[in-house]
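Understanding the architecture of this molecule
Residue strings, one per chain:
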Amino acid sequence: SAKENGKNTYNFYDLSMNDSLFERVQLENELRKALDRGEFFLVYQPQVELATGKVVGVEALIRWQHSSKGLISPAEFIPLAEETGMIVPIGEWALRTACTLARRWSHSEVGPLRMSVNLSSRQFVSPHFAESVERIVRETGMSPELLDLEITESMTMDVSRSIETLRQLKTLGVSISIDDFGTGYSSLSYLKSFPVDRLKIDQSFVRQMHSETKDRSIVATIISLAHNLNLQVVAEGVETLSQSEFLAQHGCDEMQGYYISKPLKAYDIETFITARLAR
Ligand code: C2E
Ligand code: MG
Ligand code: MG
Ligand code: MG
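The notes below deal with the structure included here. A quick note: this is a predicted structure, and the numbers were derived from the prediction, not measured. (Residues numbered from 1 in each chain as written. Chains lettered and ligands numbered in written order. Predicted model: local features only at pLDDT ≥ 70, side-chain atom pairs only at ≥ 80, totals over all residues. Heavy atoms only, no water.)

Coordination of the magnesium ion (ligand 2) by the protein comes from Glu59 (OE), Asn118 (OD1), Glu150 (OE) and Asp179 (OD), over a distance range of 2.0 to 2.2 Å. When the donors of the magnesium ion (ligand 2) are listed by position in the chain, the intervening gaps give E-x58-N-x31-E-x28-D. In this structure the magnesium ion (ligand 3) is found 4.2 Å away from the magnesium ion (ligand 2), and aspartate 179 serves as a bridging donor for the pair. Pair noted here: glutamate 59 is in strand β2 (residues 55-66) and aspartate 179 is in strand β6 (residues 175-181), with a separation of 120 residues, a long-range link. The two residues glutamate 59 and aspartate 179 agree in class, both being buried. (Donors = N, O, S within 2.8 Å, 3.2 Å for Na, K, Ca; no water. Helix = DSSP H or I, 4+ residues; strand = E, 2+ residues; numbered from the N terminus. Buried < 20%, exposed > 50% of the residue type's maximum accessible area, 1.4 Å probe, protein only.)

Now the structure itself:
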């Protein structure tokens, strides 16, 4: 291959490879500076109770406003932040920012709302993670019952350690959701031993519900699985009325998706929520 031929091989393929490596290193350096430069911000997507139409919570989603490249999606930089360990300070920043806003809402006309924050595995397994959550909750003055932490099935591979961390978090009073539920490869037995509160049905199942019988069955099954285990269930990626009707018929607790609203900046989500309250 071109790689085995060594450095003398100089062709288009190699060039593009070097190019992307260079870009990657550059992005990595910029990622390190982005926190200090204040280039990250959070957007918030409302989560609505299906039975009442009430906004009961929001999910905080990170964005990177890069000085020259523009807006960079988390799908692009979270993996890089994970590999470099930068996710730990970035994740702390996100948690602190979300908690600060949640605390402010509790004392405003928006009212107390559940604030869901995504975790990545590097954060979750970092030593003293629960203590850092406790510190942030205390320092921001947020009521811990309003904080929800989203983990994924793949983060819980080290079962006994995960249970320990989850127990510590539960002791603080925060709730735990399993994000992208149904796409990981963990067995169902962990649901029995993991102290979690909520399952979030992955949007890949919700997206095709109109055309795929199997997806409808999977969604309906996750809803009953959750309820039989005394867990709440939230559907992600809801884009249409008919999807929301199917979910309501099957007793899904909450939904989130473009059908309700795309993720919005803090000011716009406040306007969205107060306008909905006034209806
Ligand atoms: P996620 O946690 O599963 O978030 C849901 C993603 O679906 C978000 O993408 C959201 O904007 C998008 N979405 C919401 N409603 C709809 C819909 O109706 N249709 C479609 N097609 N998409 C919808 P986003 O914001 O690009 O985030 C992607 C992923 O990046 C997140 O998936 C999460 O895993 C990760 N992420 C985002 N923010 C953070 C963060 O602060 N920390 C960590 N560790 N990960 C984050
Ligand atoms: Mg999420
Ligand atoms: Mg998800
Ligand atoms: Mg996810």
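This part covers the nonpolar core. Among the nonpolar cores identified, the biggest contains 78 residues, and Leu31, Met115, Leu147, Leu149, Leu169, Ile201 and Leu247 are the most heavily contacted of them. Residue contributions to this core peak at nine residues, all from helix α3 (residues 87-106). Residues within four places of leucine 31 in sequence aside, it is in contact with Phe40, Trp64, Phe77, Leu80, Ala81, Thr84, Met86 and Ile90. (Core = buried A, V, L, I, M, F, W, Y, C linked by side-chain atoms within 4.5 Å. Contact = heavy atoms within 4.5 Å.)

On to the coordination of the magnesium ion (ligand 3). In this structure, Asp179 (OD), Asp180 (OD), Glu236 (OE) and Glu236 (OE) serve as the protein donors to the magnesium ion (ligand 3), at separations of 2.0 to 2.5 Å. Written as a sequence motif, the donor residues of the magnesium ion (ligand 3) are D-D-x55-E. You can call aspartate 180 partly exposed: its relative accessible area is 25%.

Let us now look at the site of ligand 1. Around ligand 1 sit 21 residues in total, of which Asn118, Asp179, Gln203, Glu239 and Tyr258 are the nearest. One of the side-chain N or O atoms of glutamine 203 is found 2.8 Å from an oxygen atom in ligand 1. In the environment of ligand 1, an oxygen atom lies 2.8 Å from a nitrogen or oxygen atom belonging to the backbone of tyrosine 258. Protein coverage of the free-state accessible area of ligand 1, which is 800 Å², stands at 81%. Secondary-structure elements contributing two or more residues to the shell around ligand 1 are β2, α2 (74-84) and β6. Ranked by the residues each element gives to the shell around ligand 1, the list is headed by β2, at four residues. Taken together, the residues that form the shell around ligand 1 break down as eight nonpolar, six polar and seven charged. (Near = heavy atom within 4 Å. Polar contact = N/O pair within 3.5 Å; in protein donor to acceptor, adjacent residues only side chain to side chain. Areas by Shrake-Rupley, 256 points an atom, 1.4 Å probe, with all protein chains shown as cover. Nonpolar A, V, L, I, M, F, W, Y, C, P; charged D, E, K, R; others polar.)

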